[in-house]
Amino acid sequence: MVTAAPQDQWRLLDVQAHDTRLTQLAHRRRTLPEHAEVDRLTGQLTTLGDQFVAARTVVSDIERELVKAEADVEQVRQRVIRDRGRLDAGHGAAKELQAIQHELDSLAQRQSVLEDAELEVMERLEAAQSRVAELEADEERVSAELAEATGRRDRLVAELDDEAGREQQARVNAAAGLSAELLALYEKVREQSGGIGAARLYQRRCEGCRLELNTTDINRIRAAADDAVIRCEECRRILVRTPDSGL
Ligand SMILES: [Zn+2]
């Protein structure tokens, strides 16, 4: 049977209050909405990074296509220049010159088709490049949002850590001088009872489980010595008597 002076039992209620506060602070720190916000933005940034790489690849592919399209057009242009040269020189038979003229006509058609194709590739390149620029802007915006959210989260975490540090010190002060036996019992019960090891007996009610004690229990507690450490019959928590216990 653990015993402790009444004032030590009261101090155990202070220890409990600090422990409860520490649990709340730890929970708050774990569940800050800023954590989810940072995760969400980090995920978004990863997705944007992947999309950016893919968009850059599309641009490179189209750039190669454009080089090819330009070369095709250039080839025809060179041929036109060569044919015109021959035509202007006027060498050869009339039949031959006629054949050259004929080729120039079909080259003009071919050049027109190839230039259209080149234009189409250029348009696609422009669209792909603006997609890259768009993704770059998105990345910049989300990066800034992430930096902001991370800063906000870190500030809140630091504040909670400071508060927890003060609370922890207050807890140490409250527990100083309490017997190891009493603290061990408190810790054991606390572990088994969802974080509440000691509760006040207030107007015949256990503040741990909220149940009102029956007359038999009340009589038993009345008969107990002041330094006896009482347990609630219902929840087994350490029940601390105070002037408001209704005994
Ligand atoms: Zn109880």
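Residues numbered from 1 in each chain as written. Predicted model: local features only at pLDDT ≥ 70, side-chain atom pairs only at ≥ 80, totals over all residues. Heavy atoms only, no water.

### What to know about the coordination of the zinc ion
- Distances from the zinc ion to its protein donors, Cys206 (SG), Cys209 (SG), Cys232 (SG) and Cys235 (SG), fall at 2.2 to 2.3 Å.
- All donors of the zinc ion come from a single chain, and their spacing in sequence reads C-x2-C-x22-C-x2-C. A residue pair is termed long-range when its members are at least 10 positions apart, and cysteine 206 in strand β2 (residues 205–206) and cysteine 232 in the loop between β3 (230–231) and β4 (238–241) qualify at 26 residues. Taken individually, cysteine 206 and cysteine 232 each receive the classification buried, so the pair is uniform in this respect. (Donors = N, O, S within 2.8 Å, 3.2 Å for Na, K, Ca; no water. Helix = DSSP H or I, 4+ residues; strand = E, 2+ residues; numbered from the N terminus. Buried < 20%, exposed > 50% of the residue type's maximum accessible area, 1.4 Å probe, protein only.)

### Let's talk about the side chain of glutamine 9
- Tracing the sequence through the fold places glutamine 9 in helix α1 (residues 6–30).
- A polar side-chain atom of glutamine 9 sits 3.0 Å from the main-chain carbonyl oxygen of alanine 4.
- Residues within four places of glutamine 9 in sequence aside, it is in contact with Ala4, Asp226, Asp227, Ala228, Val229, Leu239, Val240 and Arg241. (Polar contact = N/O pair within 3.5 Å; in protein donor to acceptor, adjacent residues only side chain to side chain. Contact = heavy atoms within 4.5 Å.)

### A few points about the sheet that holds β2
- Strand order in this open sheet of four strands is β2-β1-β4-β3, and the pairing throughout is mixed. The open sheet has two edge strands, β2 and β3, and neither has a second partner.
- Sheet topology places strand β1 (residues 198–202) next to β4; four bridges connect them, and they run parallel. Counterpart to arginine 200 in the pairing with β4 is valine 240.
- Of the strands in this sheet, β1 and β4 are in contact with α1, which crosses β4 at around 120 degrees. (Pairing = 2+ DSSP bridges. Axes fitted to C-alpha atoms, helices over the stretch in contact; angles between N-to-C directions.)

### Examining the packing of α1 against helix α4 (residues 180–192)
- The geometry of α1 relative to α4 is characterised by a closest axis approach of 12 Å and an angle of 40 degrees between their N-to-C directions. Classified by the interaxial angle, the pair formed by α1 and α4 is oblique. Helix-helix and strand crossings are classified by hand; for α1 and α4 the assignment is right-handed. Packed against α1, whose contacting residues are Asp8, Leu12, Val15, Gln16, Asp19 and Thr23, the element α4 presents Leu182, Leu183, Tyr186 and Arg190 at the interface.
- For the contact of α1 with α4, a count of residues per class yields five nonpolar, two polar and three charged. (Parallel < 35°, antiparallel > 145°, perpendicular 65-115°, else oblique. Left-handed = near helix turned anticlockwise from the far one by under 90°. Nonpolar A, V, L, I, M, F, W, Y, C, P; charged D, E, K, R; others polar.)

### Looking at unusual backbone geometry
- Look at glutamine 203: it is not a glycine, yet its phi comes out positive at around 45 degrees.
- Positionally, glutamine 203 belongs in the loop between β1 and β2.
- We note that arginine 210 has phi near 70 degrees; this positive angle belongs to a residue other than glycine.
- If you trace the backbone, arginine 210 turns up in the loop between β2 and α5 (215–223).

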